[in-house]
Amino acid sequence: MNIPDRSEYLNKLAKSGQKIMGVLPALYPRELLWAFDIHAAEVWDPPGEILHANAHLQATICPFVKKSLEFILKEPQIINAGYLFPHTCDSLQNLGTQVKDLIGVSLPVYTFYNPKGSFNNTTIKYYQDILQNFQSALEVIYGPLDPEKLQAACELSHRIDSHLLEIQQARMTDNLSMNNMEYFELMRAQEYLLPRDYVKHLEQVEILDQPVEKSAARIVVSGILPPPPETLDFLDDLGVRIVADDLLAVSRRIPKFAMDPPGSPQDYLTDRFFVLPPCSTRGGDLDERLHYLNTRMNDSRAQGILFDMVKFCEPELFDHRFLVKTLRERDVPVLTLETELENHISGQDKTRIEAFCERLFDLVSA
């Protein structure tokens, strides 16, 4: 599958006159942007050395925030419609305040304060209010929202989700002939492809009638982003297949089950937010998240879990200790790696992965 290069693709879009907004991680109403003909270019781990961002941030801020600020300070020409800061964590919320009020950029800066906690009447009403507030902020610049465009955007979103759920299921049941690298390249392409282009790629994915040959070992990966390409390739070389994930950039942004086609756009957007999997950034219940992880392991027949932890990521670190402790008490093999979003894998981490995989192989052969 030939997925376009991110930088080349976005530069081409910008030169064509496409409105492009830089969107920080992770949960936001993408359909509203699409309805205003705004393309969301998500800013997760932009490449390049951190040179100027450290002057504005504490040393203990996570690399997502540092890399994002470095990207913004360079004033990339591809971003022409502003920046959107969802309330994923306090660090990203504070970054949005800095960019808007202290550092200052020439483009509009928007915020979207996602509700935290459970699905109830209060949070439903709150979410609908912030949807309306965000819509109103966009209408100031782009004029009244066309209801038909929002309906079409919700229908396109529903198509994407349906494909992603089918592909996830195929991955868990070995009905997908992709290695680790190819699978996550496809899943992450939604961060920068136009939705209509992304749908075309999803429609090209072949769901096999018969399972492919099973890998020697099967794992679930949890964290914010998938492990870097070098780690994914290393797992492939070892014969280890990532059969399911609990990643903020991937499965935590896909509904837990197939939703009905959109009726009222506002109801659809609200319902979609509250049927997403449990997540540390949404203040979810730890027991609920543990149950979700167990379900992912059982459905995919995985033998262990790899936690790929971003350094100083407070929401993930808060959940991590409880999850690891409980899983180990249940004799589930667990490996935790810490990353600062490097593109390489250290020799020490390779050794730890090999030792972890040896335990998985022992379980397979037992």
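Our structure's up above, just so we're on the same page.
Residues numbered from 1 in each chain as written. Predicted model: local features only at pLDDT ≥ 70, side-chain atom pairs only at ≥ 80, totals over all residues. Heavy atoms only, no water.

1. A closer look at the packing of aromatic side chains
Where two aromatic rings form a pair, the distance of their centres and the angle of their planes describe that pair.
Move 1: Under the counting rule described, the total for this entry stands at 10 aromatic pairs.
Move 2: Centroid distance F36 to Y142: 6.3 Å. Interplanar angle 45°. Geometry classified as tilted. Within this pair, whereas F36 is found in the loop between helix 2 (30–35) and strand 2 (38–42), its partner Y142 is found in helix 5 (residues 121–142), the two being separated by 106 residues in sequence.
Move 3: A residue is classified by how much of its surface remains accessible, and F36, at 6% relative accessible area, is buried. (Phe/Tyr/Trp six-rings, centres within 6.5 Å; stacked < 30°, edge-to-face > 60°. Helix = DSSP H or I, 4+ residues; strand = E, 2+ residues; numbered from the N terminus. Buried < 20%, exposed > 50% of the residue type's maximum accessible area, 1.4 Å probe, protein only.)

2. Section: the layout of surface pockets
Move 1: The space that makes up the largest pocket amounts to roughly 1200 Å³.
Move 2: Every residue lining the largest pocket is counted, 43 residues in all, and those nearest its centre are R6, D45, P46, P47 and R188.
Move 3: Those elements giving two or more residues to the lining of the largest pocket turn out to be helix 1 (6–15), strand 2, helix 3 (63–73), helix 7 (180–188), helix 9 (229–238) and strand 7 (304–310).
Move 4: Counted by class, the lining of the largest pocket contains 25 nonpolar, six polar and 12 charged residues.
Move 5: For the second largest pocket, the calculated volume is near 350 Å³.
Move 6: As for the second largest pocket, its lining consists of 23 residues, and the residues nearest its centre are T88, C89, T281, E314 and P315.
Move 7: Those elements that place two or more of their residues in the lining of the second largest pocket are helix 3, helix 4 (90–103) and helix 12 (314–329).
Move 8: In terms of residue count, the dominant contributor to the lining of the second largest pocket is helix 12 (four residues).
Move 9: In terms of residue class, the lining of the second largest pocket is made up of 13 nonpolar, six polar and four charged. (1 Å grid on protein atoms, 1.4 Å probe; cavity = no way out; pocket = protein on both sides within 12 Å on 5 of 7 lines; lining within 4 Å. Points joined across faces, edges and corners; volume = space filled by probe spheres on them. Nonpolar A, V, L, I, M, F, W, Y, C, P; charged D, E, K, R; others polar.)

3. What about the sheet that holds strand 1 (residues 19–23)?
Move 1: Strand order in this open sheet of four strands is 2-1-3-4, and the pairing throughout is parallel. Among the strands making up the open sheet, the edge pair consists of strand 2 and strand 4 (109–112). On average, each strand axis in the sheet is tilted by 30° relative to the strand beside it, whichever way the strands run.
Move 2: Pairing of strand 1 with strand 3 (residues 83–86), which is carried by two bridges, proceeds in the parallel orientation. Bridged to V23 within strand 3 is L84.
Move 3: Lying over the sheet, helix 5 contacts strand 1, strand 2, strand 3 and strand 4, oriented at roughly 165° with respect to strand 4. (Pairing = 2+ DSSP bridges. Axes fitted to C-alpha atoms, helices over the stretch in contact; angles between N-to-C directions. Contact = heavy atoms within 4.5 Å.)

4. Some remarks on helix 7
Move 1: The complete set of buried residues in helix 7 reads N180, Y183, F184, L186, M187 and R188.
Move 2: Taken together, the buried residues of helix 7 touch helix 1, helix 6 (147–172), helix 8 (195–203), strand 5 (217–223), helix 9 and strand 6 (240–247).
Move 3: Capping the start of helix 7, N179 holds a side-chain oxygen 3.1 Å from the backbone nitrogen of M181, two or three residues further along. (Polar contact = N/O pair within 3.5 Å; in protein donor to acceptor, adjacent residues only side chain to side chain.)

5. Overview of the sheet that holds strand 6
Move 1: If you walk across this open sheet you meet the four strands as 6-5-7-8, and the pairing is parallel. Every other strand in the sheet has two partners, leaving strand 6 and strand 8 (334–339) as the edge strands with one partner each. On average, each strand axis in the sheet is tilted by 25° relative to the strand beside it, whichever way the strands run.
Move 2: Both strand 5 and strand 6 contribute to a ladder of seven bridges, which runs parallel. Within the sheet, the bridge partner assigned to A217 lies in strand 6 and is V240.
Move 3: Of the strands in this sheet, strand 5 and strand 6 touch helix 6, which is tilted by about 140° from strand 6.

6. With respect to the packing of helix 7 against helix 9
Move 1: At a minimum axis distance of 8 Å, the contact between helix 7 and helix 9 shows a crossing angle of 140°. As judged from the angle between their axes, helix 7 and helix 9 are oblique. Together, N180, M181 and F184 of helix 7 and P229, L232, D233, L235 and D236 of helix 9 make up the contact between the two elements. (Parallel < 35°, antiparallel > 145°, perpendicular 65-115°, else oblique.)

7. Description of the pairing of strand 6
Move 1: Counting buried positions over the eight residues of strand 6 gives eight, a clear majority of the element.
Move 2: The parallel pair strand 5 and strand 6 is bridged by helix 9, and the resulting crossover is right-handed. (Right-handed = clockwise from strand over helix to strand, strands pointing away.)

8. Observations concerning the pattern of salt bridges
Move 1: Evaluated as defined, the whole model comprises 21 salt bridges.
Move 2: Residue R188 is joined to D45 by a salt bridge in which the shortest nitrogen-to-oxygen separation is 3.0 Å. With a gap of 143 residues between them, R188 in helix 7 and D45 in the loop between strand 2 and helix 3 connect regions that are remote in the sequence.
Move 3: The partner of D349 in a salt bridge is R352, and the shortest N-O contact between them spans 4.0 Å. Note that D349 and R352 are positioned in helix 13 (residues 347–365) at a spacing of three residues, about one turn of the helix.
Move 4: Residue classification places D349 among the buried positions, given a relative accessible area of 18%.
Move 5: For R352, a relative accessible area of 35% gives the class partly exposed.
Move 6: Look at the salt bridges and you will find they share partners, linking D246, R252, R289, E316 and D319 into a network. (Salt bridge = Lys/Arg side-chain N within 4 Å of Asp/Glu carboxyl O.)

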